[in-house]
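Residue-level listing of the chains:
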Amino acid sequence: EVQLVESGGGLVQPGGSLRLSCAASGFTFSMYRMNWVRQAPGKGLEWVSGISSGGGTTSYADSVKGRFTISRDNAKNTLYLQMNSLKPEDTAVYYCAKGGWITSATTLSDFDSWGQGTQVTVSS
């Protein structure tokens, strides 16, 4: 059974940083592309970032480019999202999602599997 468990969310002031983690199990993590997506209150799903199976290729939404960094440790079956210079508009539930980079995704079910999400709140 595929399991994706996010952690690392919390409350942070504008300009601050957080590092999200996603622990994967139940599949061969190193063989799959992975994504981070988010959903803000009252808004639709937004694709945030994607990484290739080996970690050598990454992609970002324009809204986070230059501030967020996606990475992975295939030995630890873990996906990361380093978030710097956080803004109030980054407030959302962040999900890791298995599968291709679906930049136009509108629902979590567009992906193969997804976690339960972790809340990120950026506020002073």
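Please refer to the structure placed before this passage.
Chains are numbered independently. Their residues run from 1 in the order of the written sequence. With the structure being a predicted model, the display of local features is reserved for residues of pLDDT at least 70 and the display and counting of side-chain atom pairs for 80 or more, all residues being used for whole-chain, interface and lining totals. With hydrogens and water excluded, all non-hydrogen atoms of the structure serve as input to the side-chain values.

Novice: Hey, could you run me through the sheet that holds strand E3 (residues 18–25) in this one?
Specialist: By definition, the strands of a sheet pair up through backbone hydrogen bonds, in either a parallel or an antiparallel sense. The rule for pairing is simple: two strands pair if DSSP sees at least two bridges between them. Numbering of helices and strands runs from the N terminus, with a helix taken as a DSSP run of H or I at least four residues long and a strand as a DSSP run of E at least two residues long. Spatially, four strands are ordered E1-E3-E8-E7 in an open sheet, and the strand pairing comes out antiparallel. Only two strands of the sheet have a single neighbouring strand rather than two, namely strand E1 (3–7) and strand E7 (68–73). Strand after strand, the sheet turns through a mean of 15 degrees between neighbouring axes, direction not considered. Where E3 meets strand E8 (residues 78–83), six bridges bridge the pair, whose relative direction is antiparallel. Residue Arg19 lies in a different strand from E8, and its bridge partner there is Gln82. To get an axis, a line is fitted to the C-alpha atoms, and for a helix only the part in contact is used. The angle between two axes follows their N-to-C directions and goes from 0 to 180 degrees.

Novice: Is there a simple way to explain the side chain of Arg67 in this structure?
Specialist: Within the fold, Arg67 resides in the loop between strand E6 (58–60) and E7. Overall, the relative accessible area of 11% leaves Arg67 in the buried class. Polar contact is defined as a pair of N or O atoms within 3.5 Å, subject to the rule that within protein one atom must be able to donate a hydrogen and the other to accept it, and that residues adjacent in sequence are counted only when both atoms are side-chain atoms. Polar side-chain contacts of Arg67 include one of 3.0 Å to the backbone oxygen of Ser85. Residues in contact with Arg67, not counting those within four places in the same chain, are Gln82, Met83, Asn84, Ser85, Leu86, Lys87 and Asp90. Only protein chains enter the area calculation, which uses a 1.4 Å probe; residues under 20% of their type maximum are buried, those over 50% are exposed, and those in between are partly exposed. We call two residues in contact whenever any of their non-hydrogen atoms come within 4.5 Å of each other.

Novice: I keep staring at the environment of Val12 and nothing clicks. Help me out?
Specialist: Mapping Val12 onto the fold places it in strand E2 (residues 10–12). Exposure remark for Val12: the relative accessible area of 10% places this residue in the buried category. Considered as a pair, Val12 and Leu86 are 74 residues apart in the sequence and their alpha carbons are 8.0 Å apart. Leaving out residues up to four positions away in the same chain, Val12 has contacts with Ser17, Leu18, Leu86, Thr121, Val122 and Ser123.

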